[in-house]
Amino acid sequence: MSNPEPTPEAGRPVVLRNGTVLTMDDTCTVLEGADVLVVGDRIAAVGPALEVPEGTQEIDARGGIVMPGMIDTHRHMWQTAMRGYGADWTLTQYFVWYYLEHGRTFRPQDVAAGNRLAALEALEAGVTTTVDWSHGLQSVDHAEAAVEALRSVPGRFVLAYGNIQAAPWEWTADPAVRAFLERHRDAADDMLGLQLAFDVTGDPAFPEQAAFEVARELGLPVTTHAGVWGATNDDGIRLMHEHGFMTPETVYVHAATLTPDSYHRIAATGGSISVSTESEQSAGQGYPPTWQVRRHGIPVSLSMDTSVWWSADLFSAMRTTLGADRSREHFEAHLTGETVTHVALRARDVVQWATRGGATALGRDDLGSLQPGRKADVVLLRNDDSPVSFPVLNPFGHVAFQAQRGDVHTVLVDGRVVKHAHKLVGVDLAAVRREVESSVEHLRSSLGEETWAQGMNPDLPDAQMLDNPYQYTEYKSDSTRAAREEVFEEHLATER
Ligand SMILES: [Zn+2]
């Protein structure tokens, strides 16, 4: 079905008409058959049959769901030119590849290529704000390239400045980095914010203190990978707490391999947790922690981590987070012979985490909800060609389990239509593709074909297949055959 609507022109008010509106206000009010009016960069009104100013452009939202733009609070955007390369990696292989062996191969233009692609990918999926957890900034030139790319895409971003090639107390002491941070902090607007990104190893000497002091001096929030199996743990949290660096604006990414003591400290100091469920499940930071942290009342936001494995798709984040939380709840209950009759985590909760939760993590109460006066970051899910688009009976369940990025019809950021009728507006994707291809070419030729292929296909250790006593048609040897027959006979005996 073609879309007869013209793409709205910039500078004029826009109204989305007759949708199911998930306001994500404090009580998560849902309005059926309602309109959302956008004037300038703000939501002007939400409600049925709104009167609109002359010249307002209409977008038909009938049969669709209108929701706030989603917010991803942790994504290593610079890695996006490596899309899918590490699909079969563990965290160990990721660390070896980026931290030890090949991270230094990335030039400023490679960071820019990854960031630009990641930024467009986010917008296209209805993710209107992304924290670029940019820990590949080996030099200020890399940082400038990262910012240039983010500024070239009409989304909202936060550059979380980091550098895995140096210790945090080293790079934060670099005068050039300080000058960059001061300049960009002063130039920060509500489209591009700034944070510091580094991890705390748990060294009792707490050398990270110097980096925290720089963050405090510059007035920048810190985001940190906490509770990552084999890398960061309770010691890091305790040291941060004892030295007074756990603050409400601190974002703890993963927070998976932690004990209740750390969760108490996070809850008591008002910080939030960024859960990357797809990442935790595959890479091994620890079990996705929502089943624990929700008991502590800690605010949660969602994130996708890196496109070297996954994508900027918060629909999959919502879905896997619900699955992991419920899976653990059932599992824990079954261990004690109990049955879960009512699941604790609801579809509405993960939609809240993907929108308002991100806004809370970033201290941006003007984002994450559709209420008059808030910033106009709006997503319309509508896909007339999809048999999955109707009926919409349970809107939160529909977003969490039925919808996907291909259903994102329209996206507004700061009142500007950046995607319409399933297409990004005014984007030269061919140019971005060339930039990314050239980056891949550089990385690939720097590594050499063999190293490149090995990196993508880590060797499997010899797998030991379990002997299966019921498979009696294929025998490896007489001894295993005899053993299997014995077990099989026993089994038959107990059956009789
Ligand atoms: Zn990460």
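Further up the page is the structure itself.
The model shown is predicted, which means the values in this text are computed figures rather than measured ones. (Residues numbered from 1 in each chain as written. Predicted model: local features only at pLDDT ≥ 70, side-chain atom pairs only at ≥ 80, totals over all residues. Heavy atoms only, no water.)

1. Digging into helix α5 (residues 175–187)
Then step 1. Between its first and last C-alpha atoms α5 spans 18 Å; for 13 residues at 1.5 Å apiece the expected length is 18 Å, and the two agree.
Then step 2. Of all the positions in α5, only Val177, Arg178, Phe180, Leu181 and His184 are classed as buried. When α5 is viewed along its axis, its buried side chains cluster within an angular range of 160° and face the same direction. Facing away from the buried side of α5 by over 90 degrees, the exposed positions are Pro175 and Asp186.
Then step 3. The residue sitting at the N-terminus of α5 and contributing the capping side-chain oxygen is Asp174; that oxygen lies 2.8 Å from the backbone nitrogen of Ala176. (Helix = DSSP H or I, 4+ residues; strand = E, 2+ residues; numbered from the N terminus. Expected span 1.5 Å × (residues − 1). Buried < 20%, exposed > 50% of the residue type's maximum accessible area, 1.4 Å probe, protein only. Arc of directions from axis to C-beta. Polar contact = N/O pair within 3.5 Å; in protein donor to acceptor, adjacent residues only side chain to side chain.)

2. Observations regarding empty space enclosed by the protein
Then step 1. Throughout the structure, instances matching the rule amount to 4 cavities of 30 Å³ or more.
Then step 2. Forming the walls of the largest cavity are 14 residues, and the residues nearest its centre are Leu381, Arg382, Ser389, His398 and Asp407.
Then step 3. Residues of the lining of the largest cavity, tallied by class, amount to 5 nonpolar, 7 polar and 2 charged.
Then step 4. If you go around the second largest cavity, the residues you meet are Val147, Arg151, Leu159, His184, Ala187, Ala188, Leu192, Gly193 and Leu194.
Then step 5. Counting residues per element, the ones that place at least two in the lining of the second largest cavity are α3 (140–151), α5 and β9 (192–197).
Then step 6. If you tally residues by element for the lining of the second largest cavity, the top one is β9, at 3 residues.
Then step 7. Considering only residue class, the lining of the second largest cavity consists of 6 nonpolar, 2 polar and 1 charged. (1 Å grid on protein atoms, 1.4 Å probe; cavity = no way out; pocket = protein on both sides within 12 Å on 5 of 7 lines; lining within 4 Å. Points joined across faces, edges and corners; volume = space filled by probe spheres on them. Nonpolar A, V, L, I, M, F, W, Y, C, P; charged D, E, K, R; others polar.)

3. Things to note about the sheet that holds β9
Then step 1. With parallel pairing, the 8 strands of this open sheet are ordered in space as β6-β7-β8-β9-β10-β11-β12-β13. The two strands at the open ends of the sheet, each matched to only one other strand, are β6 (70–75) and β13 (300–302). Here the strands of the sheet are splayed against their neighbours by 25° on average, with no regard to which way each runs.
Then step 2. Contacting β7 (127–134), β8 (156–161) and β9, α3 crosses the sheet at an angle of about 170° to β8. (Pairing = 2+ DSSP bridges. Axes fitted to C-alpha atoms, helices over the stretch in contact; angles between N-to-C directions. Contact = heavy atoms within 4.5 Å.)

4. A few points about the coordination of the zinc ion
Then step 1. Distances from the zinc ion to its protein donors, His74 (NE2), His76 (NE2), His225 (NE2) and Asp305 (OD), fall at 2.0 to 2.6 Å.
Then step 2. Taken together, the 4 donor atoms surrounding the zinc ion define angles of 79 to 173° at the centre, an arrangement classified as irregular.
Then step 3. Donor residues binding the zinc ion come from one chain and are separated in sequence as H-x1-H-x148-H-x79-D. Of this pair, His74 sits in strand β6 while His225 sits in strand β10 (residues 222–226), placing them 151 residues apart in sequence. The same class applies to His74 and to His225, which are both buried. (Donors = N, O, S within 2.8 Å, 3.2 Å for Na, K, Ca; no water. Tetrahedral: all angles 85-135°; square planar, octahedral: opposite > 155°, others 65-115°.)

5. Structural notes on the nonpolar core
Then step 1. Core analysis: the largest hydrophobic core is formed by 105 residues, its most contacted members being Tyr98 and Tyr161.
Then step 2. When residues of this core are assigned to their parent elements, the largest contribution, 8 residues, is made by helix α2 (residues 108–124).
Then step 3. Filtering out sequence-adjacent residues up to four positions away, Tyr98 remains in contact with Trp78, Gln79, Met82, Trp89, Gly103, Phe106, Ile164, Gln165 and Val308.
Then step 4. Counting residues in hydrophobic clusters, the runner-up holds 16 residues, among them Val36, Ile59, Ala61 and Leu380. (Core = buried A, V, L, I, M, F, W, Y, C linked by side-chain atoms within 4.5 Å.)

6. Let's talk about helix α7 (residues 234–242)
Then step 1. All of the buried residues along α7 are Gly236, Ile237, Leu239 and Met240. Mapping the buried residues of α7 onto a view down its axis gives an arc of 165°, with all of them on the same face.
Then step 2. Taken together, the buried residues of α7 touch α6 (209–218), β10, β11 (251–254) and α8 (260–269).
Then step 3. Backbone geometry just downstream of α7 places Gly244 in the positive-phi region, at approximately 80°.

7. With respect to the layout of surface pockets
Then step 1. One number sums up the size of the largest pocket: a volume of about 430 Å³.
Then step 2. Elements represented by at least two residues in the lining of the largest pocket include exactly α1 (91–102) and α4 (168–171).
Then step 3. Looking at which element gives the most residues to the lining of the largest pocket, the answer is α1, with 4 residues.
Then step 4. For the lining of the largest pocket, the residue count by class is 16 nonpolar, 10 polar and 3 charged.
Then step 5. Computed from the structure, the second largest pocket encloses a volume of approximately 340 Å³.
Then step 6. As for the second largest pocket, its lining consists of 23 residues, and the residues nearest its centre are Pro154, Arg416, Val417, Val418 and Val425.
Then step 7. The set of elements that each furnish at least two residues to the lining of the second largest pocket consists of α2 and β16 (416–420).
Then step 8. Ranked by the residues each element gives to the lining of the second largest pocket, the list is headed by β16, at 3 residues.
Then step 9. Tallied by class, residues from the lining of the second largest pocket come to 13 nonpolar, 5 polar and 5 charged.

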